[in-house]
Amino acid sequence: MKDLALFETERLVLSGWRLDQLEDLVALHGTPNVARYLSASGEPWPREKAETALRGWIDLFETRQLGKLRLTRKSDGAFIGRAGFGIYGPTGEPEIGYALFEEHHGQGFAKEAAAGLRDWFFRETSGTHFIGFADTRNAPSLAVLRKIGMVPTHVEVEPGGLSCQFHILRRSSIG
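What counts and what doesn't
- Residues numbered from 1 in each chain as written.
- Predicted model: local features only at pLDDT ≥ 70, side-chain atom pairs only at ≥ 80, totals over all residues.
- Heavy atoms only, no water.
- Helix = DSSP H or I, 4+ residues; strand = E, 2+ residues; numbered from the N terminus.
- Contact = heavy atoms within 4.5 Å.
- 1 Å grid on protein atoms, 1.4 Å probe; cavity = no way out; pocket = protein on both sides within 12 Å on 5 of 7 lines; lining within 4 Å.
- Points joined across faces, edges and corners; volume = space filled by probe spheres on them.
- Nonpolar A, V, L, I, M, F, W, Y, C, P; charged D, E, K, R; others polar.
- Axes fitted to C-alpha atoms, helices over the stretch in contact; angles between N-to-C directions.
- Parallel < 35°, antiparallel > 145°, perpendicular 65-115°, else oblique.
- Left-handed = near helix turned anticlockwise from the far one by under 90°.
- Core = buried A, V, L, I, M, F, W, Y, C linked by side-chain atoms within 4.5 Å.
- Buried < 20%, exposed > 50% of the residue type's maximum accessible area, 1.4 Å probe, protein only.

Trainee: Looking at this structure, how should I read the side chain of Ser 39?
Mentor: By the secondary structure assignment, Ser 39 is in the loop between helix H2 (32–35) and helix H3 (47–64). Apart from residues lying up to four places away in sequence, Ser 39 is in contact with Gly 160 and Leu 162.

Trainee: I would appreciate a short explanation of the layout of surface pockets in the present structure.
Mentor: Where empty space is left in the structure can be found by rolling a water-sized probe over the atoms. Taken as a whole, the largest pocket spans an internal volume of roughly 1200 Å³. Forming the walls of the largest pocket are 48 residues, and the residues nearest its centre are Tyr 37, Leu 38, Arg 82, Tyr 98 and Ala 99. Partitioning the lining of the largest pocket into residue classes produces 25 nonpolar, 14 polar and nine charged.

Trainee: Looking at this model, I keep getting lost on the packing of helix H1 (residues 22–29) against H3. Mind explaining?
Mentor: Two quantities define a packed helix pair, namely the angle between the axes and the distance from one axis to the other. Viewed as axis vectors pointing N to C, H1 and H3 meet at an angle of 120°, and their least axial separation amounts to 9 Å. Judged on the interaxial angle alone, H3 and H1 are oblique. For the pair H1 and H3, the crossing hand works out as right-handed. On the side of H1, the interface is formed by Leu 22, Glu 23, Leu 25, Val 26 and His 29, while H3 contributes Arg 47, Ala 50, Glu 51, Leu 54 and Trp 57.

Trainee: It is not clear to me how the nonpolar core should be interpreted in this structure. Could you clarify?
Mentor: Soluble globular proteins tend to bury their nonpolar side chains together. In terms of nonpolar packing, the biggest core is built from 31 residues, with Leu 14, Leu 71, Phe 85, Ile 96, Tyr 98, Leu 117 and Phe 130 touching the most fellow members. At the level of secondary structure, the elements contributing two or more residues to this core comprise strand E1 (5–8), strand E2 (12–15), H3, strand E3 (67–73), strand E4 (79–88), strand E5 (93–100), helix H4 (109–124) and helix H5 (139–147). Ranked by residues supplied to this core, first place goes to H4 with nine residues. Beyond its immediate sequence surroundings of up to four residues, Tyr 98 is in contact with Arg 82, Ala 83, Ala 110, Ala 114, Ser 141, Val 144 and Leu 145.

Written out as structure tokens, the structure reads:
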């Protein structure tokens, strides 16, 4: 695929990844304040884990145009984080997720990316719903899920060991 851009929002470009962008993901998930809500240990990702994730996201993007996408700011092309859809292993459902560098928190980028992903998902796929979840301690991330219209369903420990509040958004809920 030559053009990895999937879509744009008002301030962001969401695109697939290339392997030569691994250092960006290592920097993002290697940041303690970003990594703290990604696993039960909260440990920053080592390079090997980031590379495994990146290869999986590249494959998912190439095969299904899903995967956690690269977020760049339109105004200057700066890499600010990632957002997109994974596949939740236990159920096989599309799962929305996002992570931004701390200096970009509180600026509405996560909500903008998530709302764009929501609209893209229901416009471009035949999926009936997607899920989202966040660590129960991560109030800002949980707020983003609610702001894009997701409905809380239950709390459970996800496979990575985090106690998470799960949400769902069904196509039939979109006006």
